[in-house]
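# Reading the structure
So the chains spell out like this:
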Amino acid sequence: MEGLQNTLTDRLYNFIIGLVLLWGFGINILICNIDFTTIHMDIGPICIAGTILMFAGVIISAKSQNPLISFLGYNLVVIPIGFMLNNILQGQDAAVIKETCVITAVVTIILIVLGSIFPGVFLSMRRILFISLLSILIVEFLFLFLGYSNSSLDWITALIFCGYIGYDWARAQRKPKTLDNAIDSVVELYLDIINLFLRLMGKRGKKSK
């Protein structure tokens, strides 16, 4: 087990991050291509169970020093989100989904490059990003409760998650470059990217209707 905690080269460390990210997105694609419409399920308990699994996965990955257990935690996050995406993307235009995937990928790559070039800038944004995201979530909850809607919130939230992608990438590069830290970093980046995709998809999906 000690060998799993050895320091990796920068290139191998980042390659593993990319590979594990692709694994998660691959699982999501597989789940999204399954037709669940013929299966009669109560969506409420499924959503609750999925949320519990996601939180458990995040905690397991963060707390464990064993990369195999961290990878298990990552999958506990990825699989419920795959089912959530399957439900959200039902009825959406396939072309819009593909275009949004491409936009998300391009934006993510740009932010990873910027996070590598200007790590200090993104790392200094931690408090601002946290306060901004918390504020947006509170406003969205209030709007939902009051029955209001504001399309600009999606753009603001997407911008916040852009900042988080750069921040989490820069933070990943400051950690000891071990296999476990690579997987732990993927969990954070994966959630950032998925949230960015959902916000962009929400905007583009509305325009296509």
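Residues numbered from 1 in each chain as written. Predicted model: local features only at pLDDT ≥ 70, side-chain atom pairs only at ≥ 80, totals over all residues. Heavy atoms only, no water.

What follows covers the packing of aromatic side chains. For the structure shown, the criterion picks out six aromatic pairs. A centroid spacing of 6.2 Å and a plane angle of 40 degrees characterise the contact between F71 and Y74, whose relative ring orientation is tilted. Placement of both F71 and Y74 in helix 3 (residues 67-89) is noted, with a separation of three residues, approximately one turn of the helix. Judged by relative accessible area, which is 27%, F71 ranks as partly exposed. Three or more aromatic residues joined by ring pairs form one cluster here, namely W23, F25, F71, Y74 and Y190. A cation over an aromatic ring shows up here: K177 above the ring of Y13, its NZ or CZ 5.4 Å from the ring centre. (Phe/Tyr/Trp six-rings, centres within 6.5 Å; stacked < 30°, edge-to-face > 60°. Helix = DSSP H or I, 4+ residues; strand = E, 2+ residues; numbered from the N terminus. Buried < 20%, exposed > 50% of the residue type's maximum accessible area, 1.4 Å probe, protein only. Lys NZ or Arg CZ within 6 Å of the ring centre and 35° of its normal.)

Turning to the side chain of N66, a few remarks are in order. Relative to the helices and strands, N66 is located in the loop between helix 2 (43-63) and helix 3. On the basis of relative accessibility, which here comes to 18%, the residue N66 falls in the buried class. Side-chain polar atoms of N66 contact the backbone nitrogen of L68, separated by 2.8 Å. (Polar contact = N/O pair within 3.5 Å; in protein donor to acceptor, adjacent residues only side chain to side chain.)

Gaps between atoms show up when a probe of the same size as a water molecule is rolled over them. Of the voids in this model, the largest pocket is the one considered here, and its volume is about 1,100 Å³. Contributing to the lining of the largest pocket are 29 residues, with L133, F161, L191, D192 and N195 lying nearest its centre. At the level of secondary structure, the elements contributing two or more residues to the lining of the largest pocket comprise helix 2, helix 3, helix 6 (126-146), helix 7 (152-174) and helix 8 (179-208). Among the elements that take part in the lining of the largest pocket, helix 8 stands out by supplying nine residues, more than any other. (1 Å grid on protein atoms, 1.4 Å probe; cavity = no way out; pocket = protein on both sides within 12 Å on 5 of 7 lines; lining within 4 Å. Points joined across faces, edges and corners; volume = space filled by probe spheres on them.)

With that settled, consider the packing of helix 6 against helix 7. In contact at an axis separation of 10 Å, helix 6 and helix 7 are set at 150 degrees when each is read in the N-to-C sense. By the angle class used here, helix 6 and helix 7 are roughly antiparallel. For the element pair helix 6 and helix 7, the recorded crossing hand is left-handed. Within the contact between the two elements, helix 6 uses R126, L129, F130, S132, L133, I136, V139, E140 and F143 and helix 7 uses L153, I156, T157, I160, F161, G163, Y164 and Y167. Looking at the contact of helix 6 with helix 7 residue by residue, the class counts come to twelve nonpolar, three polar and two charged. (Axes fitted to C-alpha atoms, helices over the stretch in contact; angles between N-to-C directions. Parallel < 35°, antiparallel > 145°, perpendicular 65-115°, else oblique. Left-handed = near helix turned anticlockwise from the far one by under 90°. Contact = heavy atoms within 4.5 Å. Nonpolar A, V, L, I, M, F, W, Y, C, P; charged D, E, K, R; others polar.)

So, on to the pattern of salt bridges. Within this structure, the stated rule accounts for six salt bridges. We note a salt bridge from R199 to E140, for which the minimum N-O separation is 2.6 Å. With R199 in helix 8 and E140 in helix 6, this residue pair connects regions lying 59 residues apart in the sequence. The exposure class of R199 is buried, given its relative accessible area of 17%. A salt bridge links E188 to R171; its shortest N-O distance comes to 2.6 Å. Placement of the pair is E188 in helix 8 and R171 in helix 7, with a sequence separation of 17 residues. Given a relative accessible area of 23%, E188 falls into the partly exposed group. One network of salt bridges, with partners in common, ties together D168, R171, K175 and E188. (Salt bridge = Lys/Arg side-chain N within 4 Å of Asp/Glu carboxyl O.)

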